[in-house]
Amino acid sequence: MRFLHLSDTHLGYKEYMMDLRENDFYESFNEAIDTGLNENVDFFVHTGDLFDTWSPSNRALNEFKKSMLKLYNKNKTMYLIMGDHDRPKRSDEIASKIFDFLGVKLLGVNEIQNVVLNYNNEDLLLSGLSNMKGLRKNNIVNEYRKGDVEAKNYKNSILMSHQGVSPYLIPEACEVDSKDLPSNYKYLAFGHVHDSYLIDDKYPVFSYAGSTDLNSLNEIKNYLKNKKSVNLVEISNGNVNAEKIKLKSTRYQNIVDSDYNNYLNDINEIINMKKENNKEPLISVTIHGDADKVEIKNKLNEIKNIIIRGPVFEKEIRKIVEKPNMSKLIDYFNAYFNDSEMANLANTIYDTIKNEDVDNSYDLIKKIFQVET
Ligand SMILES: [Mn+2]
């Protein structure tokens, strides 16, 4: 059987109150849905942050209804869980639950929920756990374990969850450690991280499907490298075959970070690039140096076929500053302590502990803190 895994569609998100950006999110969502329908998948799996807020606008609700009618008319079910954006903050109905009559099935509101599906004479266990935050966070691993016991009885199984898993986010933003993920499932369908990941060289196959459009500038780097995508997944007889399908409707975005004498070249280069679609590119502009702000703003206003965020002006001429890329442990220590002395200390101690050289690390700590023995 086959299904489409999509996530973090944030319907109703309206960046800078621009109608055109709100439309972008509906368009990429619909492209994802149509991809699944064209592939004639058996069902859809949405791993949360369906809407941008738990109380979406009538427009967002209506756009979602129109898309779900397409599924309903082809007799396809969408299984979904709530993301952190979807869970009502007060006692209110859950927005996606309104659409149950169109075959939208919300799973795992307060604890893990299992359903058994049967397609082409094969059973599949589908478990869903909506986003657990606040006090609920302490139950996550236990709920995973409950599901994992059940998953042992099925050749084909999927877990849907919407949490930060290390190492896919900075440690402070993670609620779950990779080693606490259940091991008996065949496919772990995750939402929350907006960059996409698909780790399919071992079981369970793990994936953050990623968002369908960019919610923040932080997503630009990964977007430029990988584009936005959804997963087309085949699962049968205990085997999983997952493939990322790139979305074509996502508006091109980039950052222009230039000195005042070459920003126009940099912008023109982007305008003249070949693109996936005919939407005007959206760029964030920062201009460095002793610039005439009025003149630059006028020049930017004259540029056609592009949408510009900014400009932001920086006095300093642009220097190539090596940003911490979090590729080494010391980068994490630095981020955690925000103090290079403490970070170096932690790193030195870690080095000795890593080699199980307990005596040496003990001596080292005593020496550093000037403890007499
Ligand atoms: Mn999200």
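Up top is the structure.
Q: Even after reading the chapter, I still don't get the overall build of the protein chain, so can you show me in this structure?
A: The secondary structure content of the protein chain amounts to nine helices and 17 strands. Dimensions along the principal axes, computed over C-alpha positions, put the protein chain at roughly 75 × 65 × 40 Å. Across the 373 residues in the protein chain, those meeting the buried criterion constitute 50%. When the accessible surface of the protein chain is totalled, it reaches about 19900 Å², and 47% of it is carbon and sulfur. In the protein chain, the 48 positive side-chain charges and the 57 negative ones have mean positions that sit 4 Å from each other.

Q: Even after reading the chapter, I still don't get the packing of aromatic side chains, so can you show me in this structure?
A: To describe a pair of aromatic rings, you give the distance between the ring centres and the angle between the ring planes. Tallied over the entire structure, the rule returns 19 aromatic pairs. Arranged with centres 5.5 Å apart and planes meeting at 75°, the rings of Phe 3 and Tyr 187 form a pair that is edge-to-face. Taken as a pair, Phe 3 in strand β1 (residues 2-6) and Tyr 187 in strand β10 (residues 187-191) lie far apart in primary sequence, 184 residues in all. Each member of the pair, Phe 3 together with Tyr 187, is buried. When the centroid spacing of 5.4 Å and the interplanar angle of 90° are considered together, the rings of Phe 206 and Tyr 208 count as edge-to-face. The exposure classification of Phe 206 matches that of Tyr 208, with both residues buried. Pairwise contacts between aromatic rings join Tyr 144, Tyr 168, Phe 190, Tyr 197, Phe 206 and Tyr 208 into one cluster. Sitting above the plane of the Tyr 223 ring, Lys 227 keeps its charged end 5.3 Å from the centroid.

Q: When you look at the coordination of the manganese ion in this model, what are you seeing that I'm missing?
A: Octahedral metals with six donors have ideal donor angles of 90 or 180 degrees. Tetrahedral metals with four donors have an ideal donor angle of 109.5 degrees. Within the protein, Asp 8 (OD), His 10 (NE2), Asp 49 (OD) and His 194 (NE2) serve as the donor atoms for the manganese ion, at 2.1 to 2.4 Å. Positions of the donor residues of the manganese ion, expressed as sequence spacing, correspond to D-x1-H-x38-D-x144-H. Taken together, the residues His 10 in the loop between β1 and α1 (19-38) and His 194 in the loop between β10 and β11 (197-199) connect sequence positions 184 residues apart. For the pair formed by His 10 and His 194, the shared burial category is buried.

Q: Mind showing me how you'd approach the pairing of β1 here?
A: Regular strands place their side chains on alternate faces of the sheet. Summarising burial for β1: four of the five residues are buried, a large majority. Sheet topology note: the β1/strand β13 (residues 229-236) ladder contains four bridges and is antiparallel. Note on β13: the bridge partner recorded for Arg 2 is Glu 234. In this view, the connection linking β1 to its parallel neighbour strand β2 (residues 43-46) by way of α1 has right-handed handedness.

Q: Explanation requested: the side chain of His 194 in the structure shown.
A: A relative accessible area of 15% places His 194 in the buried class. Engagement of the side chain of His 194 in a polar contact is seen with the side chain of His 10, the distance being 3.2 Å. Among the polar contacts listed, one links the side chain of His 194 to the side chain of Glu 219, at a separation of 2.9 Å. What His 194 contacts, discounting residues up to four positions off in sequence, is Asp 8, His 10, Asp 49, Gly 210, Ser 211, Asn 215, Glu 219 and Lys 228.

Q: What am I meant to see in the pairing of strand β5 (residues 113-119) here?
A: Here β5 runs beside strand β6 (residues 122-129); their pairing, made up of seven bridges, is antiparallel. Bridge assignment links Leu 117 to a residue of β6, and that residue is Leu 124. Hairpin connection from β5 to β6: two residues lie between these consecutive antiparallel strands, with Asn 120 at a positive phi of about 50°.

Q: Would you mind going over the environment of Lys 299 with me for this structure?
A: Inspection of the secondary structure assignment puts Lys 299 in helix α6 (residues 293-302). C-alpha separation for the pair Lys 299 and Leu 264, spaced 35 residues apart in sequence, amounts to 8.7 Å. Sequence-distant contacts of Lys 299, that is, excluding residues within four places in its chain, are made with Tyr 263 and Leu 264.

Q: Got a minute to help me understand the environment of Tyr 350 in this structure?
A: Inspection of the secondary structure assignment puts Tyr 350 in helix α8 (residues 340-354). When the C-alpha atoms of Tyr 350 and Leu 329 are compared, they prove to be 9.5 Å apart, with 21 residues separating the residues in sequence.

Calculation notes
- Residue numbering note: each chain is counted from 1, following its sequence as written.
- The predicted nature of this model means local features are confined to residues of pLDDT at least 70 and side-chain atom pairs, given and counted, to a pLDDT of 80 or more, with totals for whole chains, interfaces and linings taken over all residues.
- Only hydrogens and water are set aside when side-chain values are computed; all heavy atoms of the structure are taken into account.
- Counting from the N terminus, the helices are DSSP H or I runs at least four residues long and the strands are E runs at least two residues long.
- Each residue is placed in one exposure class: buried if its accessible area under a 1.4 Å probe, protein chains only, is under 20% of its type's maximum, exposed if it is over 50%, and partly exposed if it falls in between.
- All accessibility values rest on the Shrake-Rupley procedure with a 1.4 Å probe; residue burial counts only the protein chains present in the view.
- Positive charges are assigned to Lys and Arg, negative charges to Asp and Glu, while His and the chain termini are left out of the count.
- A single reference atom marks each charge: NZ on Lys, CZ on Arg, CG on Asp, CD on Glu.
- Stacked, tilted and edge-to-face are the three classes applied to pairs of Phe, Tyr and Trp rings, where Trp contributes its six-membered ring and a pair requires centres within 6.5 Å; stacked means planes under 30 degrees apart, edge-to-face means over 60, and tilted covers the rest.
- Cation placement over rings: the criterion is NZ of Lys or CZ of Arg within 6 Å of the ring centroid and within 35° of the ring normal.
- Metal donors were taken as nitrogen, oxygen and sulfur atoms no farther than 2.8 Å from the ion, or 3.2 Å where the ion is Na, K or Ca. Water is excluded, so coordination may look unfinished.
- We call two strands paired when DSSP finds no fewer than two bridges between them.
- Looking down the strands as they point away from you, a crossover is right-handed if its path from the first strand over the helix to the second goes clockwise.
- A 3.5 Å cut-off defines polar contacts: any pair of N or O atoms within that distance qualifies, except that in protein one atom must be a possible hydrogen donor and the other a possible acceptor, and neighbouring residues in sequence count only when both atoms are side-chain atoms.
- Contacts were defined at the residue level, with two residues in contact if any of their heavy atoms lie within 4.5 Å.

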